[in-house]
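Commentary on secondary and tertiary structure
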Amino acid sequence: MAAKLEVERIAESLRIKIAEAKELPSRGVSGSGRETFCTVGLDQEVIFRTAAAAKSLNPFYSEEFQCEIPRRFRFLSFYVYDRESRPEKMIGKVSIKKEELHKHHGKETWFPLMAVDADSEVKGKVHIQLRLYKSHGHKRLAVRVLACSDLQFVQGSCDPFISVTVCFRNKQEVRKTRPRKRTVSPQYGDTFIFDVPDVENCLEGSEADGVGVGPAEVRIAVWHDSTGIGNVFMGELRLKLVDLGSELLNGHDAWYFLQPREEARVAKPALGALRLNIWYYRDHVFSSHKYNQLRNVLLDSPAVNPITSSAAYILGECVSNKVDAAQPLVRVFFQANKIVPLINKLADNEISKVQ
């Protein structure tokens, strides 16, 4: 039986071409153009910014970049800014879930720009436990809020508290934790008990009666506690208890990504579109010694005559974009102090073609 290769890590990388935008909204009735630029972000972290394009409602960027991805992320986002506004104003954005990047790999696509507001820009996760049980003949729902992680700062601070709202057909109840000061990863451990009405069946449900909110739902909302500007929304989670089924009886325990406010997801006026080409790579990297034989074959390339028969040259011919092969090859040969002999042989081959 062949030995099983153990993956040491997974290396992720991106190559992105930001081509152009079209049909951006004008500043006013005059229909004048805008001086715009585009940024690229992993979640809330900006990793690239284009130069400002000439004033137009159909700006042309034509910039390409690539990078390795150093950490986990949920969304790859693109923001179009109006450079002439003070402060610079976001016109719209494109957000693509990590799980959907493969659908766009190597495909040139027009993406519609979506509106940007505080309610749609959320970050972080929440850890909750839910359990439905009976006590003294009555059904009760226990909601335990354990922690949050990776929340975003609000004007340089983060004092988060959580509101727990349980909605039944004919009523809803709200409970709150106390704020935790100066932390993006607060710990809570608060448990809230809710009485479930006798007419409410959390494991079955129908919205046909039109009374209240239909099947029981738990809404977890995270807020930044601020007396100056008022409590600031930081994300929410909505769970239909019927979707959890019998798991609710045994106890449901999970981390959830926070989501934008429901009202923020309604359609907004057209803001134009952005033309992108995205390459997303996810490579399994094995321990270094697993590559010894391949490395030795590649490093022997300068001694192979003709150079076009060498492993390094053939590898460059096998890929659609030679840059994809050139960059890792340069690293391998540079570390072995053999980059100069390789370049000399490749240069001699190119010169021989024009003689």
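Thresholds applied
Numbering of residues starts from 1 in each chain and follows the order in which that chain's sequence is written. Reporting of local features is limited, given that this is a predicted model, to residues whose pLDDT is at least 70; pairs of side-chain atoms are given and counted only at 80 or more, and all residues count toward the totals for whole chains, interfaces and linings. Here the side-chain values reflect all heavy atoms present in the structure, with hydrogen atoms and water set aside. Secondary structure elements follow DSSP: runs of H or I of four or more residues count as helices, runs of E of two or more count as strands, with numbering from the N terminus. A contact between two residues is defined here by any heavy atoms of the two lying within 4.5 Å. What sets the accessible areas is the Shrake-Rupley method with a 1.4 Å probe; for residues, cover comes only from the shown protein chains. If DSSP finds at least two bridges between two strands, the strands pair. Note on method: axes are straight lines fitted to C-alpha atoms, helices fitted across the in-contact stretch only, with angles between N-to-C directions ranging 0 to 180 degrees. Three labels apply to residues, based on accessible area from a 1.4 Å probe with only protein chains included: buried if under 20% of the type maximum, exposed if over 50%, partly exposed otherwise in between. The salt bridge definition used is simple: a Lys or Arg side-chain nitrogen within 4 Å of an Asp or Glu carboxyl oxygen. By the definition adopted for this analysis, an angle is roughly parallel if under 35 degrees, roughly antiparallel if over 145, roughly perpendicular if from 65 to 115, and oblique otherwise. Take the far helix as your reference; a near helix turned counterclockwise from it by less than a right angle gives a left-handed crossing, and one turned clockwise gives a right-handed crossing. Amino acids outside the nonpolar list (Ala, Val, Leu, Ile, Met, Phe, Trp, Tyr, Cys, Pro) and the charged list (Asp, Glu, Lys, Arg) are all regarded as polar, and Gly is one of them.

With that settled, consider the overall build of the protein chain. Across its full length, the protein chain carries six helices and 16 strands. Contacts in the protein chain between residues far apart in sequence, at least 24 positions, make up 67% of those at least 6 positions apart. Carbon together with sulfur atoms contributes 52% to the accessible area of the protein chain, which is approximately 20,100 Å² in total.

This part covers the sheet that holds strand β12 (residues 187-195). As summarised here, the arrangement of the four strands in space is β12-β9-β8-β15, forming an open sheet in which the pairing is antiparallel. This sheet does not close on itself; its edge strands, each paired only once, are β12 and β15 (252-257). Geometrically, the sheet is characterised by an average inter-axis angle of 20° between neighbouring strands, direction not taken into account. Bridge count for strand β8 (residues 125-135) against β15 is six bridges, and the pairing is antiparallel. Bridge pairing in β15 links Gln 129 to Asp 253.

Here we come to unusual backbone geometry. Here the residue pair Asn 305 and Pro 306 is connected by a cis peptide bond, since its omega of -5° sits within 30 degrees of zero. Tracing the sequence through the fold places Pro 306 in the loop between α3 (292-299) and α4 (311-318). A positive phi angle is found at Ser 62, which is not glycine, with a value near 50°. Mapped onto the fold, Ser 62 is located in strand β4 (residues 60-69). The phi torsion at Asn 337 lies on the positive side, around 60°, for a residue other than glycine. For Asn 337, a relative accessible area of 69% corresponds to the exposed category.

With that settled, consider the pattern of salt bridges. Summed over the entire model, instances satisfying the criterion amount to 19 salt bridges. Notably, a salt bridge pairs Arg 282 with Glu 12, separated by 4.0 Å at the nearest N-O pair. In this pair, Arg 282 sits in strand β16 (residues 273-286) while Glu 12 sits in strand β1 (residues 7-22), placing the two residues 270 residues apart along the sequence. On the basis of relative accessibility, which here comes to 11%, the residue Glu 12 falls in the buried class. Among the salt bridges present, the one from Arg 219 reaches Glu 217, with a minimum N-O distance of 2.7 Å. Here the residues in one salt-bridge network are Glu 12, Lys 98 and Arg 282, joined through shared partners.

Turning our attention to the packing of α4 against helix α5 (residues 322-335). Relative to each other, α4 and α5 sit at 155°, their axes nearing to 8 Å. What the angle tells us is that α4 and α5 run roughly antiparallel. Of the two elements, α4 crosses α5, and the hand of that crossing is right-handed. Taking contact as the criterion, the partners of Ala 312, Leu 315, Gly 316 and Glu 317 in α4 are, on α5, Lys 322, Ala 325, Leu 329 and Phe 333. Per-class residue counts for the contact of α4 with α5 are five nonpolar, one polar and two charged.

The next subject is the sheet that holds strand β2 (residues 36-42). Strand order across the open sheet formed by four strands is β3-β2-β5-β6, with antiparallel pairing between neighbours. Pairing within the sheet leaves two strands with one partner each, and these edge strands are β3 (45-49) and β6 (89-97). Sheet twist, expressed as the mean angle between neighbouring strand axes with direction ignored, is 25°. One ladder, built from four bridges, connects β2 with β3; its direction is antiparallel. Residue pairing in the sheet places Val 40 in a bridge with Phe 48 of β3.

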